[in-house]
Amino acid sequence: MLALLPPALPRVLRDALRWIGPRKLLVGTSAGLLLLGLLILAGGSKLSTQAALFGAPLHPSQAMEVERALLLWNETFTTDAAHAQIFVTASRRRDILLRLTLAGLPHEYVPTTADVLADQPNAFAPPAVMDDRRRAGIEGDLVAGLRRMDGVSDATVVIAPAVEDPLSAGEDQSSASASVQMLMQPGIFLNHDQVVGIKRFVAASFPGLTPDRVVVVDSAAAEGNGALVAPARREAVELQSSIQSALDAVFGAGSTVVRVSMRAAGEERTSQRTLVTPHGVLEAEHGSETGTESGKNFSKEHTQTRYAYDTVVETRSAHADALERLSVAVLVDSKKISSAQTAQVADVVRAAAGADLASDQVVVAALPFASSEAAAATNARFSLRSWAPAGAIVAAIIACLSALSGRRAPRPSPEERAATELQAELQHEMPQTAAYVLGGLPRNLRERVLAAYAPAQREQILGWMDGRVGKS
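Thresholds, definitions, all that
Residues numbered from 1 in each chain as written. Predicted model: local features only at pLDDT ≥ 70, side-chain atom pairs only at ≥ 80, totals over all residues. Heavy atoms only, no water. Pairing = 2+ DSSP bridges. Helix = DSSP H or I, 4+ residues; strand = E, 2+ residues; numbered from the N terminus. Axes fitted to C-alpha atoms, helices over the stretch in contact; angles between N-to-C directions. Contact = heavy atoms within 4.5 Å. Patch = residues over 30% accessible without salt bridge, like charges linked within 9 Å, V, L, I, M, F, W, Y side chains within 5 Å. Areas by Shrake-Rupley, 256 points an atom, 1.4 Å probe, with all protein chains shown as cover. Salt bridge = Lys/Arg side-chain N within 4 Å of Asp/Glu carboxyl O. Buried < 20%, exposed > 50% of the residue type's maximum accessible area, 1.4 Å probe, protein only.

Undergrad: Give me the lowdown on the sheet that holds strand β4 (residues 152-160), citing residues and values where you can.
TA: Spatially, three strands are ordered β4-β5-β6 in an open sheet, and the strand pairing comes out mixed. Of all strands in the sheet, those bounded by a partner on one side alone are β4 and β6 (214-217). When strand polarity is set aside, the average angle formed by the axes of neighbouring strands in this sheet is 15 degrees. In the sheet, β4 pairs with strand β5 (residues 177-184) via eight bridges, with the strands oriented antiparallel. Paired with D154 across the two strands is L183, which belongs to β5. Packed on one face of the sheet, helix α6 (residues 127-147) meets β4 and β5 and runs near 155 degrees to β4. On the sheet, helix α7 (residues 192-203) packs against β5 and β6 and is oriented at approximately 135 degrees with respect to β6.

Undergrad: Account for unusual backbone geometry, with residues named and values stated.
TA: Omega for the peptide link from L105 to P106 comes to -5 degrees, which places this bond in the cis form. You will see that N74, though not glycine, has its phi angle at about 60 degrees, which is positive.

Undergrad: Tell me about a nonpolar patch on the surface, residues and numbers included.
TA: On the surface, a nonpolar cluster with roughly 450 Å² of combined accessible area is contributed by V276, V281, Y307 and Y309. At the level of elements, β8 (269-293) and β9 (296-318) are the ones that each hand at least two residues to the nonpolar patch. Mapping V276 onto the fold places it in strand β8.

Undergrad: Run through the pairing of β5, naming residues and quoting values.
TA: Residue alternation in β5 divides its side chains into a buried set, A178, V180, M182 and M184, and an unburied set, S177, S179, Q181 and L183. Note that β5 and β6 share four bridges and pair parallel. When the sheet's bridge partners are listed, V180 is paired in β6 with V216.

Undergrad: Outline the pattern of salt bridges, listing residues and values.
TA: One side chain can pair with another of opposite charge once the charged atoms of both are near each other. Scanning all chains against the criterion turns up four salt bridges. Note that E75 is salt-bridged to R92, the shortest N-O span being 2.5 Å. Here E75 is found in the loop between α3 (60-72) and β2 (77-79), whereas its partner R92 is found in the loop between β3 (86-89) and α4 (93-103), with 17 residues between them in sequence. Taking relative accessible area as the criterion, E75 reaches 15% and is therefore assigned buried. Residue R92 is classed as partly exposed on the basis of its relative accessible area of 32%.

Undergrad: Residues and numbers for the sheet that holds β3, please.
TA: Consider a sheet: its strands pair through backbone hydrogen bonds, and that pairing is either parallel or antiparallel. Across the sheet, which stays open at both edges, the three strands sit in the order β1-β3-β2 with antiparallel pairing between neighbours. With one partner strand each, in any of the chains shown, β1 (50-52) and β2 form the two edges of the open sheet. Within this sheet the neighbouring strands show an average axis-to-axis angle of 35 degrees, counted without direction. Pairing between β1 and β3: three bridges, direction antiparallel. If you follow A52 over to β3, its bridge partner there is F87. Most of the contacts of α3 go to β3, to which it runs at about 25 degrees, and overall it touches β2 and β3.

Here it is as structure tokens:
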């Protein structure tokens, strides 16, 4: 193998080592920086690797929901050929899963009519099974449609078909019915028109189903026969959202927090009042009568007066949900909003809410909000912990290179060690004694020992050596 090497290779290696010799520190530092860059590139490539977002494959409809959300969030992702798994950056997988969980995605898979038709059943399946499959597909279609409504987080639809008894005369027949459960997003409530529309939407999808046979309930199982929430509560949510959006537009999102509380009357109250307004005499009659009866004389007078007046009957009623008192609390970030602006917020909020100075309450308090610096510090600590192994490796490599660059010179030869030991022994001897000893040593060793002496002491020893040689 050595014979196959070029003849000039040993010479090139010697020249390279000779050039590196006086530049050990520079070469070691450059090598350490190069290794650090390689580690950073390796760590970056590791962070940019793709990881499966879910442990189990998704249905194409579920994958489409997740893809739509990732596109809106500007997240990078890829899918497999079957469109059943989504791959994201490994370092972003945990954050994306948390965000999807808060958004309620993906929804539970519910088979639709298209899925039922794509899965052909056994040709010998009974008609009841076919009817159940068709009804399940219709329920899935309705759920998919309700999920696309604004403010709807999820929905469930169950349809009960009509029960026909061939032995009954018709009085025991049961019509088709349906139950719908709506899970709304936080702060969103269905109004009367929406509930009516949902009933008509569900009734029109199944033969024999009428809107009055559809029951709509919310997540708390409260039946919605006109609205799924009390009017006072709905008004409080709408007012809170209106004030919060106005303050966000002025001071920026996250600078204020608004909470609205409305206290209802809690009882039905009805009062009635009758007002009578006279308008003077309308007509008057006056008459007199005189005569004799049974030998007695008599005289009669009568007067009849009719007055004109108006009668007004006023009836006032207050529902149990009628507003009795309004309270608005506004927290502003003292680090972003000045005290002068804080004083104006109360007047603006009171005017926007239509609060009464006598009974309603509006409180504005300036407090320092928790900043995102703590979260940034936590992320920084997490990043440092993740890079700790790589940092330890880099530190070890740099330490090794520093030790190599600062390593002692090559170990001295035997002649150098002998010269050093001999010079240490002759250091305290007389010059003539040292000259006598050195005169019997080989020339190379004698020159090494003499080079270790001081110039004046070396001249004395050389003088004695020259004199002894001359005598001989």
